[in-house]
Number of protein chains: 2
Amino acid sequence: DIIDNHVQKLVQGPDSPDDPHNTLYGKKRHIGIVFSGGPAPGGHNAIAGVFDAAKKANPHSKVFGFILGPDGILENRYVEITADLVDTHRNMGGFTMIKTGRSKIDSPEKMKLSRQACKKLGLDALIIVGGDDSNTNAAFMAQELKADGIQVLGIPKTIDGDIQVTAESGETLCAISFGFHSAARAFSQNISNLCTDAGSDLKYWHVCKVMGRVASHLALESALQTHANITLIGEDLADYVDQERIKAAENAGTVDYTAYGITLRHLSRLICDVIVRRAAHGKNYGVMIIPEGVLEFINEIQIFIIKLNTIIGDYNHIHDVDFHAAFPSLDAKLDYLRRLSRGISDKDASPIWNARDDELFNDLPTFFQEGLLVERDTHGNFQFSQVKTEKIIMDMVKDYLDILKEKGTYKVGIDPLVYRRFMADAGLDAHVYGEVLFKNYGGTAHLLVKHTIISMKTLKLALEDAGLLSPDGKIPGVVETIYQKSVPNFKTQNHFYGYDGRGSNPTRFDCNYTYNLGLTAFGLIANGATGQMAVIRNLEHDMSTWEPLGVPIARLMHLEERKGKLALVMEKRVVELDSTAFQVVKDLREEWLAAGPGEDHYRKPCPIAFSEDGDDNRPITLTLNAVDLP
Amino acid sequence: DIIDNHVQKLVQGPDSPDDPHNTLYGKKRHIGIVFSGGPAPGGHNAIAGVFDAAKKANPHSKVFGFILGPDGILENRYVEITADLVDTHRNMGGFTMIKTGRSKIDSPEKMKLSRQACKKLGLDALIIVGGDDSNTNAAFMAQELKADGIQVLGIPKTIDGDIQVTAESGETLCAISFGFHSAARAFSQNISNLCTDAGSDLKYWHVCKVMGRVASHLALESALQTHANITLIGEDLADYVDQERIKAAENAGTVDYTAYGITLRHLSRLICDVIVRRAAHGKNYGVMIIPEGVLEFINEIQIFIIKLNTIIGDYNHIHDVDFHAAFPSLDAKLDYLRRLSRGISDKDASPIWNARDDELFNDLPTFFQEGLLVERDTHGNFQFSQVKTEKIIMDMVKDYLDILKEKGTYKVGIDPLVYRRFMADAGLDAHVYGEVLFKNYGGTAHLLVKHTIISMKTLKLALEDAGLLSPDGKIPGVVETIYQKSVPNFKTQNHFYGYDGRGSNPTRFDCNYTYNLGLTAFGLIANGATGQMAVIRNLEHDMSTWEPLGVPIARLMHLEERKGKLALVMEKRVVELDSTAFQVVKDLREEWLAAGPGEDHYRKPCPIAFSEDGDDNRPITLTLNAVDLP
């Protein structure tokens, strides 16, 4: 039975047709393969692996590729995979050979159509290359098609890296899905270029959102690849506990549940804090990585969604008129919420919406407030994917930086050597003015203008108070210049990396990994497995030690709410906070932030380009324009 | 005199200190170098070239790098370039070694500070690595510092590729600025990945805006590198002439000046046309390249800006109240314009704002109308860089596609094999239904649902009319499925490529080009040149035939309006419509569009990744997580 089968070690296949294992491997087979979900680099090599293994074991075996994903099965659209087709696509990115699609085979009707399609092609086995949902699907199909003698296997694909398998013993069976490395490298090459740009121009904070809604693996790997100054990890934010609130509650003899999980306000403060710290050392620029799904890890948002659903539901229940009709504008809605929090509404102070809720909610950018207050889909689910994550966070950051500027705590540090040279050139006493202008004059660190000096007016006052300027005097040009250099101009450029990584060519690692997954899938078929996912152990070691395995998919499943219904699905693996990779990023966070003297610690993930790369070694425009048209 | 000097051919430098040229080359010199403007790949190699040449000619010579661009000169901030520093940055992207900045040395005051800085360092020569403005600046400085015996040279840098020099004889002296190739390759790698993604998923139109505001060179090169389906070239759009309008005017015996130059409406129609044509062949996806500056090439926009400025100016002149105060909302402004066009305002039909203006203006997306109607900067200039070019164009495209959908002309073509298999499986007569459903049933081309069938209701009617369905009958499931497949869902993903290209590592071409530009700049200094720009001829040929030259910058200058003032500046070179490169792109436009049977013609500009690339050959996450924390 599928549910109970065990991790399967592969019996090695034959090197010659005389081998005794030949009865297993050498049988003539028809094998179907299909891609499911978004493209991931290396998919073509998985097909190549299956094809090569099948043809080697028996040249009369055939491999069929279903076109356009599971729809190809349902609609009986396929091509026979040929050596030519395989060789044209080997080591190439994308799923262009047979395309992909997003349909699910999730009804008895569709299951029936699939059975018909498999039987029509005389399939012995079907391989589904896909993510968690698709592998779940594979397990159900395996169960369904068992009676027909058709084996169904899965291959773990997702650039998000959230398919991982650990044995009950704690041993890692599948450390990462395929495509993850290539996508992370593609993102990282771009992000690394932005690091170089930021460090050349000293003008922008580049904010890079990277794909990955459920887990922050890609952000984590991008951090390791590039050493960007700031990387948010959703799982880390979800784990945040506000120790101050905990302590305050303890002192008051109560428990403060709002202390668990980070608020957007607090997150924006943390980001501002490190931006300000870098600026103090003259670095009013940098690179920040944000995982696409970061908002889903912020407890506050989840709670807002539940509370607002309840408030709107209650209102509609009590009144004759719909909430959205009663309060058509955002202002009217906000006003209702405010009154609710103060208890001056039609009921007493709301137990659901308190003053803290109201205050935090008013901190959010308007467009996000609107987003949270609109009517929900039928399941009441909030469409996180519609939200401009980086804009919400950076809008709040910008607002707070403006406040810090007013407070005089956000300043660009001045190189003391530059300051002294300027003053010497102008014939002014650097020391006398330094004591008046800076709060840390004297050391070797970058000089910080006092927080009381935040305008030409306050600068003038400070000079007057120190007796360096008469009330009708004019601020010396050089002092004004120095002050202007200390005034930060916070400029951002937003970037989103996702689709370009999905379509990139596979890295050597993914080329090898996927080809071997294809070989493994065929090995599992030869060994009679079904309902299993092909995986490879020891990926972190030399390829000679890689160990192909079959993992029963059913064992990886658990109950989860999907689209408002409980469903048995494969668990997505998020970033573990006690994993070595996260701990390393955490330990190096301060170093990569580089909020101190000295250079940034950016890393270039890719080799320099000074090598021969074929004929295409100059601009095509140039080559063409050197030729006259006939 | 600088203005009159000629293109300078270089006297070759010595191979040994005994060489007779040694008097020229071997003199001990102090040379300053500075970056100006945005980073471009290869800048470090230009420094390396100057440094290596200077040290080889005389080991006692020194090279100084001014920090943070021209400000470094004004503020006397510099480092001495050492062999270590050069070797750390050789072949690496960005301007991180000495940073860059955007100041101009454009006042007598600044010129004086620069002279002081150069004299303080005992400079014999100053090299400015920058774009058109910076080279213009170099020429003025050369003139200014000539009396002091300080030579000033330029090196042509800009990823935009708009610095090009042609001799009066028509000979190309400088075919392209440095950084262009590397940036175009970086963009193209990403765009090519999107081509792969589009062709795997068949789900999105990827809209890629690439840097380049004044000229479309980068878009043109990206088209050549990737063979994306659609590439807009600003210069081409500016050249558009509406032959229909011309003819209509001729027939009426008049001249229609509005026939020259494309309107946004017409551009969006042209884009829709090719999207619809691809969809008809089952390809409701693709990749489109838009140059950042495309709107500046659209005559209509320029005219709107002039007209609106005049209208607002006139209003303010005549009335006591400011236009923006009189018509605070967009609706009020649009209403005034409409009345103006109809002549029912306080004066007769406006000669400035006619019905056609009003109609075209009302076609624009609201946010762009608002943008065009806001108050201008002091020079009345429109800030094109603030406008979301791709959003304006794609909003209009989406609106018109919706109309075409309603009209029944935007349909996804159905593979006839799929149709017949579907019908056969359902036991229905493909031929009988085919004649009713499709306008082109019978051939081998993709099947197009008739334009009268645009909903389930019209589908039902068509079947009823053909006697295939009784009024109370139900549309066969398979027919409904076929119909649903023909309904297009137009989905876009927008991308902007710019900063990541600026910061990329230089390609081999740019590595060599920039190093040789550095050598050339030193050669020019040794030859006594000033006010010249180092260039290299024969870039399109093997490096052994490259010819270093000095081009007098003054000869490249012309009068141009910049920030509301006439200024003598170096001319930016746009894409020539009779250049071979553009003609090739134009000739292959239809092929790359691939609006016919068969595959897309996408090109991958970069090699596959299946090669050893050092230690970093697997995800760092994977490597780390295989290690236990101590």
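Residues numbered from 1 in each chain as written. Chains lettered and ligands numbered in written order. Predicted model: local features only at pLDDT ≥ 70, side-chain atom pairs only at ≥ 80, totals over all residues. Heavy atoms only, no water.

K.L.:
I keep staring at the pattern of salt bridges and nothing clicks. Help me out?
P.N.:
Pairing between side chains of opposite charge can happen when their charged atoms approach one another. In this structure the tally under the stated criterion is 69 salt bridges over all chains. One salt bridge connects Asp148 of chain A with Lys119 of chain A, and the closest N-O pair in it is separated by 2.9 Å. Taken together, the residues span a long stretch of sequence, with Asp148 of chain A in the loop between helix 6 (132-145) and strand 6 (151-156) and Lys119 of chain A in helix 5 (residues 108-120) at a distance of 29 residues. A salt bridge links Asp197 of chain B to Arg502 of chain A, with the nearest nitrogen and oxygen atoms 2.8 Å apart. In this pair, Asp197 of chain B is assigned in helix 7 (residues 180-201) and Arg502 of chain A in helix 22 (residues 499-502), connecting two distinct chains. Take Asp197 of chain B: its relative accessible area is 0%, and that puts it in the buried class. Judged by its relative accessible area of 7%, Arg502 of chain A is buried. Members of the salt-bridge network, linked through shared partners, are Arg102 and Arg502 of chain A together with Asp197 and Asp201 of chain B. (Salt bridge = Lys/Arg side-chain N within 4 Å of Asp/Glu carboxyl O. Helix = DSSP H or I, 4+ residues; strand = E, 2+ residues; numbered from the N terminus. Buried < 20%, exposed > 50% of the residue type's maximum accessible area, 1.4 Å probe, protein only.)

K.L.:
What should I look at first to understand a nonpolar patch on the surface in this one?
P.N.:
Side chains of Phe140, Leu559, Leu566 and Leu568 of chain A sit close together on the surface and give an oily, nonpolar patch of about 410 Å² of accessible area. One can find Leu568 of chain A in strand 16 (residues 565-570). (Patch = residues over 30% accessible without salt bridge, like charges linked within 9 Å, V, L, I, M, F, W, Y side chains within 5 Å. Areas by Shrake-Rupley, 256 points an atom, 1.4 Å probe, with all protein chains shown as cover.)

K.L.:
What is the right way to read the packing of aromatic side chains from this model?
P.N.:
Residues and elements named next belong to chain A. Evaluated as defined, the whole model comprises 40 aromatic pairs over all chains. On the basis of an interplanar angle of 85 degrees and a centroid distance of 5.4 Å, the ring pair of Tyr315 and Tyr336 is categorised as edge-to-face. Highlighted residues: Tyr315 in helix 12 (residues 299-318) and Tyr336 in helix 14 (residues 330-342), separated in sequence by 21 residues. Assessed through its relative accessible area of 7%, Tyr315 is described here as buried. (Phe/Tyr/Trp six-rings, centres within 6.5 Å; stacked < 30°, edge-to-face > 60°.)

K.L.:
Even after reading the chapter, I still don't get the relation of the copies chain B and chain A, so can you show me in this structure?
P.N.:
The operation relating the two chain copies consists of a rotation about an axis and a shift along that axis. When chain B is fitted to chain A, the residual RMSD is 0.0 Å, and the transformation amounts to a turn of 180 degrees plus an axial shift of 0.0 Å. Such a combination of turn and shift is consistent with a two-fold rotation axis. Every residue of chain B has its C-alpha some distance from the rotation axis, and the shortest such distance is that of His495 of chain B, at 4.1 Å. Comparing interface residues between copies, 100% of those in chain B also lie at the interface in chain A; the contact surface is shared. (Least-squares fit on C-alpha atoms with pLDDT ≥ 70 in both. Contact = heavy atoms within 4.5 Å.)

K.L.:
Can you help me understand the interface of chain B and chain A in this one?
P.N.:
Contact residues are listed per partner, giving 92 residues for chain B and 93 residues for chain A. Carbon and sulfur atoms make up 55% of the area that chain B and chain A hide from each other, which totals about 7,900 Å². On the chain B side of the interface with chain A, the three residues burying the most area are Tyr499, Arg508 and Phe610 of chain B, jointly 9% of the side's total. Counting every contact that joins chain B to chain A gives twelve salt bridges. Between Lys485 of chain B and Glu75 of chain A there is a salt bridge whose closest N-O contact spans 2.6 Å. Viewed at the interface, chain A and chain B are joined by 43 residue pairs in polar contact (both at pLDDT 80 or more). Those elements giving two or more residues to the side of chain B that touches chain A turn out to be helix 7, helix 8 (217-226), helix 18 (416-426), strand 12 (492-497), helix 22 (499-502), helix 23 (508-526), helix 24 (580-593) and helix 25 (620-625) of chain B. Among the elements that line the side of chain B that touches chain A, the one with the most residues is helix 7 of chain B, at eleven residues. (Buried area = accessible area lost by both parts, 1.4 Å probe. Polar contact = N/O pair within 3.5 Å; in protein donor to acceptor, adjacent residues only side chain to side chain.)

K.L.:
Is there a simple way to think about the environment of Gly42 of chain A in this case?
P.N.:
Residue and element names in this part refer to chain A. Among the structural elements, Gly42 can be located in the loop between strand 2 (30-35) and helix 2 (43-57). C-alpha of Gly42 to C-alpha of Met92: the two residues are 50 residues apart in sequence and 7.0 Å apart in space. Residues within four places of Gly42 in sequence aside, it is in contact with Phe178, Pro506 and Thr514.

K.L.:
Could you clarify how one ought to interpret the domain arrangement of chain A in this entry?
P.N.:
Much of the literature gives interface size as the accessible area that the parts lose upon coming together. All names here are of chain A. Each domain of chain A was delimited in the assignment, giving domain 1 (2-178 + 506-570), domain 2 (180-407 + 491-500) and domain 3 (416-486). At the interface, 17 residues of domain 1 touch 14 residues of domain 2. For the pair domain 1 and domain 2, the summed buried area comes to about 1,100 Å², and 60% of that belongs to carbon and sulfur atoms. A per-residue breakdown of the area domain 1 buries against domain 2 is headed by Ile159, Asp160 and Thr507, which together make up 45% of the total. At the junction of domain 1 with domain 2, the criterion picks out zero salt bridges. The interface formed by domain 1 and domain 2 includes four residue pairs in polar contact (both at pLDDT 80 or more). Here the residues of the side of domain 1 that touches domain 2 sort into six nonpolar, six polar and five charged. (Domains from an automatic or database assignment. Nonpolar A, V, L, I, M, F, W, Y, C, P; charged D, E, K, R; others polar.)

K.L.:
Teacher, can you tell me more about the nonpolar core here?
P.N.:
Within soluble globular proteins, side chains that are nonpolar generally end up buried alongside one another. With 216 residues, the main nonpolar core has Ile127 and Tyr513 of chain A together with Ile127 and Tyr513 of chain B as its most contacted residues. Among all residues touching Ile127 of chain A, those that are not within four sequence positions of it are Ile31, Gly32, Ile33, Val34, Val50, Leu153, Ile155, Ala521 and Ile525 of chain A. (Core = buried A, V, L, I, M, F, W, Y, C linked by side-chain atoms within 4.5 Å.)

K.L.:
Where do I start with the packing of helix 18 of chain B against helix 21 (residues 477-486) of chain B in this structure?
P.N.:
The angle between the axes and the distance between the axes are what describe a pair of packed helices. All names here are of chain B. Across the interface, helix 18 lies against helix 21 with an axial gap of 10 Å and an inter-helix angle of 160 degrees. Compared by their axis directions, helix 18 and helix 21 come out roughly antiparallel. Two packed elements cross with a definite hand, and for helix 18 against helix 21 that hand is right-handed. Here Tyr419, Phe422, Met423 and Ala426 of helix 18 lie close against helix 21, whose contacting residues are Val478, Val479, Thr481, Ile482 and Lys485. For the contact of helix 18 with helix 21, a count of residues per class yields seven nonpolar, one polar and one charged. (Axes fitted to C-alpha atoms, helices over the stretch in contact; angles between N-to-C directions. Parallel < 35°, antiparallel > 145°, perpendicular 65-115°, else oblique. Left-handed = near helix turned anticlockwise from the far one by under 90°.)

K.L.:
Can you help me understand the sheet that holds strand 12 of chain B in this one?
P.N.:
Neighbouring strands of a sheet are bound in pairs by backbone hydrogen bonds; such pairs are parallel or else antiparallel. Residues and elements named next belong to chain B. The sheet built from four strands is open, its strands ordered 10-11-9-12 with parallel pairing. Every interior strand has two partners, whereas the edge strands, strand 10 (230-231) and strand 12, have only one. Summarising the sheet, strand 10 and strand 11 (residues 286-291) pair through two bridges and their orientation is parallel. Looking across to strand 11, one finds that Ile230 is bridged to Met288. (Pairing = 2+ DSSP bridges.)

K.L.:
What am I meant to see in the side chain of Ser134 of chain A here?
P.N.:
All names here are of chain A. Tracing the backbone shows Ser134 in helix 6. A relative accessible area of 6% means that Ser134 is categorised as buried. In this structure the side chain of Ser134 is engaged in a polar contact, spanning 2.8 Å, whose partner is the side chain of Ser36. Beyond its immediate stretch of four places on either side in the chain, Ser134 contacts Ser36 and Ile128.

K.L.:
Before we go on, may I ask you to explain the packing of helix 2 (residues 43-57) of chain B against helix 23 of chain B in this structure?
P.N.:
Residues and elements named next belong to chain B. It is the contact of helix 2 with helix 23, at a shortest axis distance of 7 Å, that shows an interaxial angle of 40 degrees. Between helix 2 and helix 23, the angle is such that the two are oblique. In this structure, helix 2 crosses over helix 23, and the sense of that crossing is right-handed. Contacts between helix 2 and helix 23 involve Asn45, Ala46, Ala48, Gly49, Val50, Asp52, Ala53, Ala54 and Ala57 from the first element and Cys511, Thr514, Tyr515, Gly518, Leu519, Ala521 and Phe522 from the second. Across the contact of helix 2 with helix 23, the residue classes break down as eleven nonpolar, four polar and one charged.

K.L.:
Explain the side chain of Ser177 of chain B here, please?
P.N.:
All names here are of chain B. Locating Ser177 in the fold gives a position in the loop between strand 8 (172-174) and helix 7. A relative accessible area of 0% places Ser177 in the buried class. Not counting residues within four places of it along the chain, the set of residues in contact with Ser177 comprises Pro156, Lys157, Thr158, Gly161, Asp162, Ile163 and Tyr513.

K.L.:
Help me understand the pairing of strand 11 (residues 286-291) of chain A, please; the structure alone is not making it clear to me.
P.N.:
The side chains of a regular strand alternate, residue by residue, between the two faces of the sheet. Residues and elements named next belong to chain A. Buried residues dominate strand 11, accounting for six of its six residues. Across six bridges, strand 9 (residues 205-210) lies against strand 11 in parallel orientation. Across the sheet, the residue bridging to Val207 is Met288, located in strand 11.

K.L.:
Would you mind going over the sheet that holds strand 5 (residues 125-130) of chain A with me for this structure?
P.N.:
Residues and elements named next belong to chain A. Read across the open sheet, the eight strands follow the order 1-14-13-6-5-2-3-4; overall the sheet is mixed. The sheet is open, and its two borders are formed by strand 1 (8-9) and strand 4 (78-80), each paired with just one other strand. Bridging between strand 5 and strand 6 involves six bridges; their strand directions are parallel. Note on strand 6: the bridge partner recorded for Ala125 is Gln151. In the packing of helix 23 (residues 508-526) onto the sheet, the strands contacted are strand 1, strand 2, strand 5, strand 6, strand 13 (532-537) and strand 14 (547-552), and the crossing angle to strand 13 comes to about 130 degrees.

K.L.:
Looking at this structure, how should I read the environment of Ala139 of chain B?
P.N.:
Residues and elements named next belong to chain B. With respect to the helices and strands, Ala139 occurs in helix 6 (residues 132-145). Ala139 gets classed as buried once you look at its relative accessible area, which sits at 4%. Sequence spacing of Ala139 and Ile475 is 336 residues, and the spatial spacing of their C-alpha atoms is 77 Å.

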